[in-house]
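# Geometric and topological summary
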Amino acid sequence: MRKMSDDERRQFLSAGTRTAKLATVREDGRAHVAPIWFVRDGDDLVFTTGADTAKGRTIRRDPRVVLCVDREEPLYDYVVVEGVATVSEDPVEMLKWATMIAARYMGEDKAGAYGKRNAVPGELLVRVKPTKIIALKDIAG
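Below is a summary of the structure that appears in this document. On a predicted model such as this, the values are computed, not experimentally measured, just so you know.

Cut-off values and rules
Within any chain, residue numbers begin from 1 and follow the written order of that chain's sequence. Totals for whole chains, interfaces and linings use all residues, but because this is a predicted model, local features are given only for residues with pLDDT of at least 70 and pairs of side-chain atoms are given and counted only at 80 or more. The basis for every side-chain value is the complete set of non-hydrogen atoms in the structure, without hydrogens or water. Only protein chains enter the area calculation, which uses a 1.4 Å probe; residues under 20% of their type maximum are buried, those over 50% are exposed, and those in between are partly exposed. Secondary structure counts use DSSP, requiring at least four H or I residues in a row for a helix and at least two E residues in a row for a strand, with both numbered from the N terminus. The directions considered for the arc run from the helix axis to the C-beta atoms. We call two residues in contact when some of their heavy atoms are within 4.5 Å. With axes taken as lines fitted to C-alpha atoms, and helix axes fitted only over the stretch in contact, angles between N-to-C directions fall between 0 and 180 degrees. Any angle between 65 and 115 degrees counts as roughly perpendicular, while under 35 counts as roughly parallel, over 145 as roughly antiparallel, and the rest as oblique. Crossing handedness: left-handed means the near helix sits turned counterclockwise from the far one by under a right angle, and right-handed means the same turn made clockwise. The nonpolar class holds Ala, Val, Leu, Ile, Met, Phe, Trp, Tyr, Cys and Pro. Asp, Glu, Lys and Arg form the charged class, and all remaining residues, Gly among them, are polar.

### Side note on helix α1 (residues 6–14)
- Within the sequence span of α1, burial applies to Arg-9, Phe-12 and Leu-13. Considered in projection along α1, the buried side chains sweep an arc of 95 degrees and stay on one side of the axis. Exposed residues pointing more than 90 degrees away from the buried face of α1 are listed as Asp-7 and Gln-11.
- Turning to α1, the residues buried within the fold contact β4 (39–41), β5 (44–50), β6 (64–71), β7 (77–88), α3 (91–106) and β8 (123–137).
- Count one or two residues on from α1 and you reach Gly-16, which has phi positive near 60 degrees.

Written out as structure tokens, the structure reads:
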């Protein structure tokens, strides 16, 4: 096992269609974890979610979040990002990022349609600024 370099971490987070597991804390203190589609913007992670989902409600109440992205085959790698989320409902920004996210997970040919579907009133654009990052490679090596 070894630490990833910053470049390795950025490449790992951008590779393929790995999902992030987003952890938030509900109002009653219970943990909430859900998979999300995301893209990187520098070291920030960007995703969309419904304003009325558990994710949307908890992030607006308490912007502290943790995301975990892992490689589930040997030798196993993972990145954990602790951070603070900011939320936007700006339709232009939401369409831009929703389309980029859709391109990553659904392909360029479907990106426009999925971007428009996910950049509508009632959706939130979420940007996570990291406060701590743990990035490990070859866990079983």
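### Overview of the side chain of Asn-118
- When you line up the elements, Asn-118 lands in helix α4 (residues 108–118).
- For Asn-118, the contacting residues outside a window of four places in its chain are Thr-48, Met-94, Ala-98 and Glu-123.

### Let's talk about the packing of α3 against α4
- At a closest axis distance of 7 Å, the pairing of α3 and α4 adopts a crossing angle of 140 degrees. By the angle class used here, α3 and α4 are oblique. As for how α3 packs across α4, the hand of that crossing is right-handed. Contacts between α3 and α4 pair Met-94, Leu-95, Ala-98, Thr-99, Ala-102, Ala-103 and Met-106 from the former with Glu-108, Asp-109, Lys-110, Ala-111, Gly-112, Tyr-114, Gly-115, Lys-116 and Asn-118 from the latter.
- Each residue belonging to the contact of α3 with α4 can be placed in one class, and the counts come to eight nonpolar, four polar and four charged.

In short, shape yes, function no, at least from these values alone.
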